[in-house]
Structure formats: structure tokens, C-alpha cells
Amino acid sequence: MSDPEKNADAGAFLDSLREGVGITSAIRITPDDVNQPMIRHWCDAMTDHNPVYTQPEIAAKSVHGGIVAPPSMLDSWFMIGLAPRPEQLSDEGKAVGMLPIITKLDTAGFTSVVATNSTHEYDRYLKLGDRLQFHQSITNVSAEKKTALGVGHFFTTRTEFMDQDGESVGRMDFTILKFKPGTGSIPMTADAGAAFAPKQRPRPEISRDTRFFWDGIDLGELRIQKCDDCDSLYHPPMVRCPKCGAYDLGYVVSKGRGKVYSFVEVHHPQFPIFDYPLLAVLVELDEGTRILSNLLGVSADEVEIGMPVELAIRATDPELNLPLFIRARPARRETTLLFEDVSAGAILAPCPVSITPTLIVGGAVASRDFQDVHHDVELAKKRGSPNIFMNIMTSGGLTSRYVSDWAGPDALLRNMKIRLGAPNYPGDTMTFSGLVNSAELREGKGIIEVGIRGSNRFGDHVSGTLELELPRRQEN
Amino acid sequence: MTMSFAGKTAVVGIGATEFSKDSGRSTLRLAIECCDAAIRDAGLSPDQIDGMVSFTVDVNDEIDVARNLGIKELRHFSRIHHSGGAACGTIHQAAMAVHSGACNYALVYRAFNERSETRFGAGVTGGSGGASPVMVEFGWSLPFGMLTPASWVAMFATRYMHQYGVTSEDFGRISVADRKHAATNPKAFFYQRPITLEEHQASRWVVKPLHLLDCCQESDGGRRWS
């Protein structure tokens, strides 16, 4: 086939993809009322402890006057779930609302999917008992693009959400890339597996005296030896309490929080089983004992003695779990920042997120996203991914949690615009950082825009902006 | 000329565990139990012990033994080659150390699970072997990429710098002095090659905060003092 014929073919395909652009779907009703169980699942998965989502007494006294749903949950209310039930199937046997463009792209070999951009606008927070309705349209379909993930087409949908009275509550522009697996470069393709090939670190030699410690690590807890007689704590473990002479030694489970007592940056000699420069730390746990470990997700120029850290037990290969540490998550602000106290240029304290399989799967399920790439390792690999990876709704939920934990429970999120880059795979650490881009009064409201990024080992997983309304100082 | 020290020192305490075919305890635990018993038998407290003697083949490190017993200041430690065949050598060594004034009370110990873990033939038949206390200690650092003396010392160095306001240049002055002396030694690898503080500061990191020129070179060679 000559080039002009190819181009004509590609043109015809693109035209067929764009057939539905601009056509608004019929209004459909979301499956469930806005309800506490789904909100609780979401908050648990995201570890979002803002009390306005789950604690009625506190929510009643908040700016909302009662329980509200996390705004970033917006699109989870209309997700179909694990599988369409009979009443959700169209005459053709497809899920009602399934966009024809998806079938066309699948048929043409663009079978892999990844969400790349999500823009939420919130007119109001959703309350328990709200029942959303929505309609959807495709607003844009790109020509074929060569991306790092593979050759594919981007398309954007606009979804308008209304409440039970037909009043607008928010909208979403959502862009996904449908691509041909195996046509891109790292980090999405299976080649990226090399970066995740287990690096077999030296095994700790374990004796009868230290078995309890390593058994604990395998169970996900950091055990500190404790003398049953005088309560003294020891690490590394003893066989006899040197303070009181007892041989009966038990343990307590550490809360996993501590501070950097000392640290080094290992440069030489280098071994392929470690990533260099390697940050090794001596952590002084809050319980008082010290433990040697590595600090993840922190660069050497950021670490300092006294820096708060928290435990992150990780499988460095399938047979070895190690007690590693990450930067401590900043405390959630309980009294909301006032607009007058925030100015452009203010920096948000960095916040780490351990990318565990539990977080990825839990976040996907809490957002009713049952795409196999978010929970099934083998199927994810068949689709060209080295492992399961985080879905965009979890990225959004964590992003809004980061900013709302910084701003306080009464901050109102007005919009959130995020763009995804490097995938979040299990075993990684994503670190959020943020900056107040602007703070200005609009119609008497204190509006700030916060720019955020969440970086993992490959680069920026998520970047974007969030607009919030902060309470104003009451003048007497 | 030889100097007799017979009758000048004494065994003041004896301790032992039970003897069995399977102790059910680690070698370190056995070492601690027998030392503990000997110290109590002598009517001493662990912080009075300031000397230690064992066999070179014993796997219970002096640091582990001291740490578990609560020994504070160890002024003498030495090891005797061979094992049971040189048992008297350990007592002899301890007696000399006490008599010479190197220490006041020397602990002489030997503990292992010879039957249940390191029975003859275990090495070729794949016996359990048991965990060596020294390797157990390494287990707290090796999995974290702390594989070299430089990495272990650097961890102390960072804290030392933080606590006492010492700088890398302060460390560098020691290296400069060492190399100044090496430069005068025709057999030294760095003969006639002294360094400056600037060169020390400019040398690459081995384990930050330690530069290359904070670390000794690994060299082949032999030396004796007489």
C-alpha cells in the first residue's frame, strides 16, 4: 500500500473514531445514593482521616453541617463496578453507556488503556442521600500519537453531574490513552520489569535469639525486644538483660515512628543489588532503641539528623522482607488554615506514600475501578505492564488528601486538575510536594491555588493544581 | 630469663551450663549463661570484669559477650589458637594478663553447640551448622547495603560531626598527617606522595561524609614489629 493510501486509511479510521464527538449521551442515574459505606471504604483506602467524611458529630459542626463525600470521589459514583448486571446491559450485550470508540480502538489493536488527565470541578460537596445523574460526551479524539507507553489515541470525555433535583454539582474532563501494547518504551512496557527485577540483597543470618524479630517483619511488624522483668528495650536483641540479668525476654511492637539519628550516603564500592547513591540511616525509634536501615524516597540533600521518619516494611525480593523507612507523613491539620495566613510561594511539607499492592488494589476497589491492570499481576503483565499500577482515581484521592490534610478539614476543594506520568507500581515510594501558586480574594472568598507533584523513582507520577476556598479571619 | 607468676593469681569463680546432646539454645546464649554463672560464683558484678580470653575458634564475639553481660570497660582481650588441646593456654593467658596488670578480672569462656549444630562431619553432610553470632550481627547491616568498614564508620562520623561540630576538614588533617609519615617510608605504597588538605577535600566520596582520602587503601603486604 502506498503512503497516500495509508494516510487515507488512517484518516478514515480517525474519522470513524471522531463520529461521536460532541454528541451528548442520554441522562443516566448513578447506581447508589451517596452513602457512608462507600465513603468509608474510600477514606480507608486513601487513609484520608478528615473527620467531615466519617464522623457525624464533628461533621455537624463543620462548614458542611454534616457528613459529606470526599469531592475527589466524584467519578466513583458512576462507575459500573465489577461487571454490568443484566439491567445494565444494552441490547448488543455491552454495558449501557460503553462508548463505541472503545470498541473501535480495541478492534484496531489499541487494547491497552491508561488514564492520563482528570479535571474535576466541584459546585458543591455531596451529602449523604444525594443521588447523582449524569450525561457524557466525547469532546476530543487525537490523531495517532507515539507516546512512551505506546502508539495510540487520546480521547477526552466530559461528564456533567447533577443531583436528584437536576441541579449541577460538578463536572469532569477525563482523558485516556488507548494504545497498542509493546509499542512504547519504559516505564510502562514489560521492559520496565528490569527496573523492578528483584534485587537479592544479602540475607540476614537468623539465630534462635533473633528469629522473633524477622518473624515479626514477615508479619508486617517491627518488634523491639523487651525484658519481661524490668521492661528495658533492646535492639539488636540480647540473650540476657544486661540491666537486671533476666533471660526471659519478650518484645513490644514498635509504632514505627522515629527520627534520623545518623545517616550516610554510600557511593563506593557499588554492587548491582543496590541502587546508588544509597541512603543508609540509623533511626532512633520513638520507643528509644535505634535501628540501622535505608531511607526511601528521600534524596541525600534532604535528609538531616532529627528528620521524622516512619517504618515501611518492604519485600526487596519475593523471599526477603526488610524494615525500611520513609519520610514521616506530616500531621493532618485539625484547625483549618485561614486565607489571611496563606500567601503565594508557601511550601507544603513533603508527604510520602508507600505504594503497596494493598494501596493500589484497595484504591481501585474503593473507586469501583475493576480494570484488571489495577489488581491482577498476571493480567497486567499480559497487557504489557511489569506489574499492577495505581488507577487515576486513587492518584486523585491521594492528591486531594495531601492538600486537604495540609489545609485543614474546613477547606473547600473547588477543582482538581491532575495529569499522570510515570506509573505507580508496588514497592515504590511516591513523595508529594506542593506550593501555593496564588492566593486571592474573589467575590469576598479567599481562593488559593496549590500546585502539587507526586514523584516516584521514574519521575512525576502525578502533577497538577487544586483550587481551594479557605475560611476568612473574622473581624471583630 | 623467665619470671614465674605461679601462685600470684587465682581462679575466683567457675560457671558452666548443663551438658547435653541438644541444648535448645544459641551458642551465644550458652556463652552468656556460663559467664554469668562464673561471675556470680566469684561474687563479682559484670562491670568489674575488664579482661576476656577465649579460643580463636570460638564464635562468640567479645562485643556480644560484653554487651549481654553488661561489661563496661574491657581493657584486655586475647585469643588462643587450637581448641580443647590448648585449654590450659587460655588460663595461662588470663593469669599473665592479670599478673601484668593489664586487667583485674579476666573472663575465660568457650561455648558452642558442638553436638546439635557443629558436629564433626556437619560441614560435608550439610548439617544445620547453626547461626554464627558474628554473622547474626552482620545481619543488622549487610541487608541495608552497609557492607564495608567505611560505611559503618561513616555512620558514627555523621553523628560525631553533628554532636561535636567536627568537620570533614578535621578528619582530613589526620589523613594528611598519615600520608606525611607514609611519604618517608620507602616500603609504603604512598612513598614520597604526601597529600594536601585540598586534595583530601576534593577526593570523591566513598561513603559520605567520608572521602576517598579518609579511607585506607586496601594493600597486600606484611609487617612485623620487634
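Residues numbered from 1 in each chain as written. Chains lettered and ligands numbered in written order. Predicted model: local features only at pLDDT ≥ 70, side-chain atom pairs only at ≥ 80, totals over all residues. Heavy atoms only, no water.

## Side note on the overall build of chain B
Helices and strands together make up the secondary structure of chain B, namely eight helices and five strands. In sequence order, the secondary structure elements of chain B are arranged as α-β-α-β-α-β-α-α-α-α-α-β-β. The C-alpha atoms of chain B give 22 Å as radius of gyration, which overshoots the globular expectation for 226 residues (17 Å, by more than 25%). Counting every position in chain B, which comprises 226 residues, the buried fraction comes to 38%. In chain B, 63% of the contacts between residues at least 6 apart in sequence involve partners at least 24 apart. With 22 positive and 23 negative side-chain charges, chain B shows a separation of 4 Å between the mean positions of the two kinds. (Helix = DSSP H or I, 4+ residues; strand = E, 2+ residues; numbered from the N terminus. Rg over C-alpha atoms; globule rule 2.2 N^0.38 Å. Buried < 20%, exposed > 50% of the residue type's maximum accessible area, 1.4 Å probe, protein only. Contact = heavy atoms within 4.5 Å. Lys, Arg positive; Asp, Glu negative; His and termini not counted. Charge placed at Lys NZ, Arg CZ, Asp CG, Glu CD.)

## Details of a nonpolar patch on the surface
Together, V11, I14, I91 and V108 of chain B make up a nonpolar patch on the protein surface, roughly 380 Å² of accessible area in all. Relative to the elements of secondary structure, I14 of chain B occurs in the segment before α1 (27-41). (Patch = residues over 30% accessible without salt bridge, like charges linked within 9 Å, V, L, I, M, F, W, Y side chains within 5 Å. Areas by Shrake-Rupley, 256 points an atom, 1.4 Å probe, with all protein chains shown as cover. Salt bridge = Lys/Arg side-chain N within 4 Å of Asp/Glu carboxyl O.)

## Observations concerning the environment of D48 of chain A
All names here are of chain A. Examined against the element boundaries, D48 turns out to sit in the loop between α2 (36-46) and α3 (56-60). The exposure class of D48 is buried, given its relative accessible area of 4%. Sequence separation between D48 and Y402 is 354 residues, and the spatial gap between their C-alpha atoms is 8.6 Å. For D48, the residues in contact, after removing those within four places along its chain, are C43, Y53, R401 and D405.

## Remarks on the sheet that holds strand β2 (residues 76-80) of chain B
Residue and element names in this part refer to chain B. Pairing within the open sheet is parallel, and its three strands lie in the order β2-β1-β3. The open sheet is flanked by β2 and β3 (106-108), the only strands paired with a single partner. Direction aside, neighbouring strands of the sheet carry axes that sit 15 degrees apart on average. Bridging between strand β1 (residues 51-55) and β2 involves five bridges; their strand directions are parallel. Bridging from a neighbouring strand, G51 pairs with H76 of β2. (Pairing = 2+ DSSP bridges. Axes fitted to C-alpha atoms, helices over the stretch in contact; angles between N-to-C directions.)

## A word on the side chain of S207 of chain A
Along the chain, S207 of chain A turns up in the loop between α5 (193-196) and α6 (211-218). Excluding its chain neighbours within four sequence positions, the residues that come into contact with S207 of chain A are A131 and V136 of chain B.

## Thoughts on the interface of chain B and chain A
Contact with chain B, which involves 43 residues of that partner, is made by 42 residues of chain A. Of the roughly 3,600 Å² buried between chain B and chain A, counting both surfaces, carbon and sulfur atoms make up 63%. Note that D36 of chain B and R240 of chain A form a salt bridge whose closest N and O atoms lie 3.2 Å from each other. Scanning the region where chain B abuts chain A turns up 20 residue pairs in polar contact (both at pLDDT 80 or more). Mapped onto the side of chain B that touches chain A, the elements with two or more residues apiece are α1, α2 (62-69), α5 (133-138), α6 (149-164) and β4 (205-208) of chain B. Of all the elements, α6 of chain B adds the most residues to the side of chain B that touches chain A, at seven residues. When its residues are assigned to classes, the side of chain B that touches chain A shows 18 nonpolar, 16 polar and nine charged. By the bridge criterion, two bridges tie strand β10 (residues 257-266) of chain A to β4 of chain B in an arrangement that is antiparallel. Each residue of the ladder has a partner; that of E265 of chain A, found in β4 of chain B, is K208 of chain B. (Buried area = accessible area lost by both parts, 1.4 Å probe. Polar contact = N/O pair within 3.5 Å; in protein donor to acceptor, adjacent residues only side chain to side chain. Nonpolar A, V, L, I, M, F, W, Y, C, P; charged D, E, K, R; others polar.)

## Considering the pairing of strand β2 (residues 112-122) of chain A
Residue and element names in this part refer to chain A. Within β2, eight of the eleven residues are buried, which leaves the element mostly enclosed by the surrounding structure. By the bridge criterion, ten bridges tie β2 to strand β6 (residues 168-179) in an arrangement that is antiparallel. Across the sheet, the residue bridging to S118 is F174, located in β6.

## Re α2 of chain A
For an α-helix the count is 3.6 residues per turn, leaving residues at separations of three or four pointing the same way. Residue and element names in this part refer to chain A. For α2, the complete set of buried residues consists of Q36, M38, I39, W42, C43, A45 and M46. Capping the start of α2, N35 holds a side-chain oxygen 2.9 Å from the backbone nitrogen of M38, two or three residues further along. One or two positions beyond α2, positive phi appears at T47, with a value near 45 degrees.

## Structural notes on the sheet that holds strand β7 (residues 223-227) of chain A
A sheet is described by the order of its strands in space; here three strands give the open sequence β8-β7-β9 (chain A), paired in antiparallel fashion. One side of each edge strand has no neighbouring strand; the edge strands of this open sheet are β8 (233-234) and β9 (249-253) of chain A.

## So, the side chain of D50 of chain B
All names here are of chain B. As for its placement among the helices and strands, D50 is situated in the loop between α1 and β1. What makes D50 buried here is its relative accessible area of 7%. A polar contact of 2.9 Å, which involves the side chain of D50, links it to the backbone nitrogen of Y105. Setting aside chain neighbours within four positions, we find D50 in contact with E73, L74, R75, H76, C103, N104 and Y105.

## Considering the pattern of salt bridges
Residue and element names in this part refer to chain B. This structure, assessed with the given rule, holds 39 salt bridges over all chains. Residue R29 pairs with E33 through a salt bridge whose shortest N-O separation is 2.6 Å. Taken together, the residues span about one helical turn, with R29 and E33 both in helix α1 at a distance of four residues. Linking E169 and R173 is a salt bridge whose minimum nitrogen-to-oxygen distance equals 3.6 Å. A residue pair is termed a helical-turn pair when its members lie 3 or 4 positions apart in one helix, as E169 and R173 do in helix α7 (residues 168-182) at four residues. Take E169: its relative accessible area is 35%, and that puts it in the partly exposed class.

## Details of α7 of chain B
Under the 1.5 Å per step criterion, the end-to-end length of α7 of chain B is 21 Å for 15 residues, consistent within 8% with the ideal 21 Å. Next to the buried residues of α7 of chain B lie α6, α8 (197-202) and β5 (210-211) of chain B. (Expected span 1.5 Å × (residues − 1).)

## Focus: the packing of aromatic side chains
Tallying each qualifying case throughout the model produces 14 aromatic pairs over all chains. A centroid spacing of 5.8 Å and a plane angle of 15 degrees characterise the contact between F212 of chain A and Y251 of chain A, whose relative ring orientation is stacked. Here Y251 of chain A lies in strand β9 and F212 of chain A lies in helix α6, a separation of 39 residues in the sequence. Aromatic pair F274 of chain A and Y276 of chain A: ring centres 6.5 Å apart, planes at 70 degrees, arrangement edge-to-face. Among the aromatic residues, those joined into a ring-pair cluster are F78, F134 and F161 of chain A. Here the guanidinium or amino end of R457 of chain A rests over the ring plane of F458 of chain A, the centre of that ring lying 6.0 Å away. Directly above the ring of F112 of chain B sits R110 of chain B, whose terminal nitrogen or CZ lies 3.7 Å from the centroid. (Phe/Tyr/Trp six-rings, centres within 6.5 Å; stacked < 30°, edge-to-face > 60°. Lys NZ or Arg CZ within 6 Å of the ring centre and 35° of its normal.)

## A few points about the confidence of the model for chain B
The predicted model of chain B has a mean per-residue pLDDT of 92, with 95% of residues at 70 or higher. Both scores are given for the predicted complex: the pTM is 0.85, the ipTM 0.91. (pLDDT = per-residue confidence, 0-100.)

## Side note on unusual backbone geometry
Trans peptide bonds make up most of the peptide bonds, and negative phi angles are found at most residues other than glycine. Cis peptide bonds are those with omega within 30 degrees of zero, and the linkage from H268 of chain A to P269 of chain A qualifies with -5 degrees. By the secondary structure assignment, P269 of chain A is in the loop between β10 and β11 (278-285). Each neighbour pair has its own omega, and for K208 of chain B with P209 of chain B the value is 15 degrees, a cis peptide bond. One can find P209 of chain B in the loop between β4 and β5. Phi at R368 of chain A is positive, roughly 60 degrees, even though this residue is not glycine.

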